[in-house]
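# Summary of the model geometry
For reference, the chains in residue letters:
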Amino acid sequence: LYQNGDSIPGDLSNEDWAGAEEGAQAVSIYGDALEMFGRVYNGYAVEDERGLCLSGWHVAYDSEWMTLEMELGMSVSDANSGGWRGTDQGIQMKTVSGWSEGENGTNSSGFGAKPAGNRTSQGHWTNAVHNAFFWTPSSDTNSASLFRQLRFEEAGVFRGNYGALQGLSIRCVRDE
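Attention here is on the structure that accompanies the text. (Residues numbered from 1 in each chain as written. Predicted model: local features only at pLDDT ≥ 70, side-chain atom pairs only at ≥ 80, totals over all residues. Heavy atoms only, no water.)

## Description of the nonpolar core
Where we set the bar: Buried residues of nine kinds, namely Ala, Val, Leu, Ile, Met, Phe, Trp, Tyr and Cys, make up a nonpolar core once their side-chain atoms join them within 4.5 Å. Here's how the labels work: a residue is buried when its accessible area is under 20% of the maximum for its type, exposed when over 50%, partly exposed in between, all with a 1.4 Å probe on protein chains only. Starting at the N terminus, helices and strands are each numbered in turn, a helix being any DSSP run of H or I of at least four residues and a strand any DSSP run of E of at least two.
Grouped together as the largest cluster of nonpolar side chains are 15 residues, with contacts concentrated most on Trp65, Met93, Phe111, Phe134 and Leu150. Elements with a contribution of two residues or more to this core: helix H4 (62-71) and strand S7 (131-135).

Structural data, given as structure tokens:
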């Protein structure tokens, strides 16, 4: 549901997901996914003015992710760049179990990132137990194109851009 109680379309076929022109959400097809990983949202849902998080909360902005990354030891220049950045900040954010091939994190940050994977712009599910993806909108535009990725075989954190039809996780933080 959006913050105002409006429902967010879900249970979309791959074709319907790929053709969406408004907010949508989905639950992974892997395992007991809702309990394990929660939901993913397309970029339209993240950008919607009705809001995805509870009242008094918002989807964590790119700048808030950068603050977290720097608190965990990432340099300012790395935090401001794109691609794979940092040293072990991804390890500090990943859960201690659930990641593939023994590549769990330490969760020393308390962030607790789980490898939910993503729903691609074609509607297919991929990357479960290998990757965690989070929308990280710009605070000035609420554009959902920015995202973060944690990967099972990487110690750092990826910062990049995706189109609005990708289905990624979100992290809500309290308004200040």
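## A word on the side chain of Asn42
What counts is decided by this rule: We call two N or O atoms a polar contact when they sit within 3.5 Å, provided that within protein one can donate a hydrogen and the other can accept it, with sequence-adjacent residues counted only if both atoms are side-chain atoms. Working rule for contacts: check all heavy atoms of both residues, and any pair within 4.5 Å makes them a contact.
As for its position among the elements, Asn42 is in the loop between strand S2 (39-41) and helix H3 (43-47). Relative accessible area serves as the criterion here: at 0%, Asn42 is assigned to the buried category. At a separation of 3.0 Å, a polar atom in the side chain of Asn42 contacts the main-chain carbonyl oxygen of Glu22. For Asn42, the side chain forms a polar contact with the main-chain nitrogen of Tyr44, separated by 3.2 Å. Apart from residues lying up to four places away in sequence, Asn42 is in contact with Trp17, Ala20, Glu22, Gly23, Ala24, Trp135, Ala164, Leu165, Gln166 and Gly167.

## Examining the sheet that holds S7
Applied cut-off: By this definition, two strands are paired if DSSP reports at least two bridges between them. Under this scheme, a helix contributes an axis fitted over its contacting stretch, all axes are lines through C-alpha atoms, and angles between N-to-C directions fall in the 0 to 180 degree range.
Judged by pairing direction, the sheet is antiparallel, and its 4 strands sit side by side in the order S4-S9-S8-S7 without closing on themselves. Because the sheet does not close on itself, it has two edges, and the strands there are strand S4 (83-85) and S7. Across the sheet, the mean angle separating the axes of adjacent strands is 25° when strand polarity is ignored. Of the strand pairs in this sheet, S7 and strand S8 (residues 146-151) are connected by 5 bridges, and their pairing is antiparallel. Counted as the bridge partner of Phe134 is Arg148 from S8. Contacting S4, S7, S8 and strand S9 (157-161), H4 crosses the sheet at an angle of about 35° to S8.

## Some details on the pattern of salt bridges
Here is the rule we go by: We count a salt bridge whenever a side-chain nitrogen from Lys or Arg sits within 4 Å of a carboxyl oxygen from Asp or Glu.
Per the counting criterion, the structure on display carries 7 salt bridges. When the shortest N-O distance is used, the salt bridge between Asp62 and Arg159 registers 2.6 Å. Placement of Asp62 in helix H4 and of Arg159 in strand S9 is noted, with a sequence separation of 97 residues between them. Of the residues examined, Asp62 reaches a relative accessible area of 8% and is grouped as buried.

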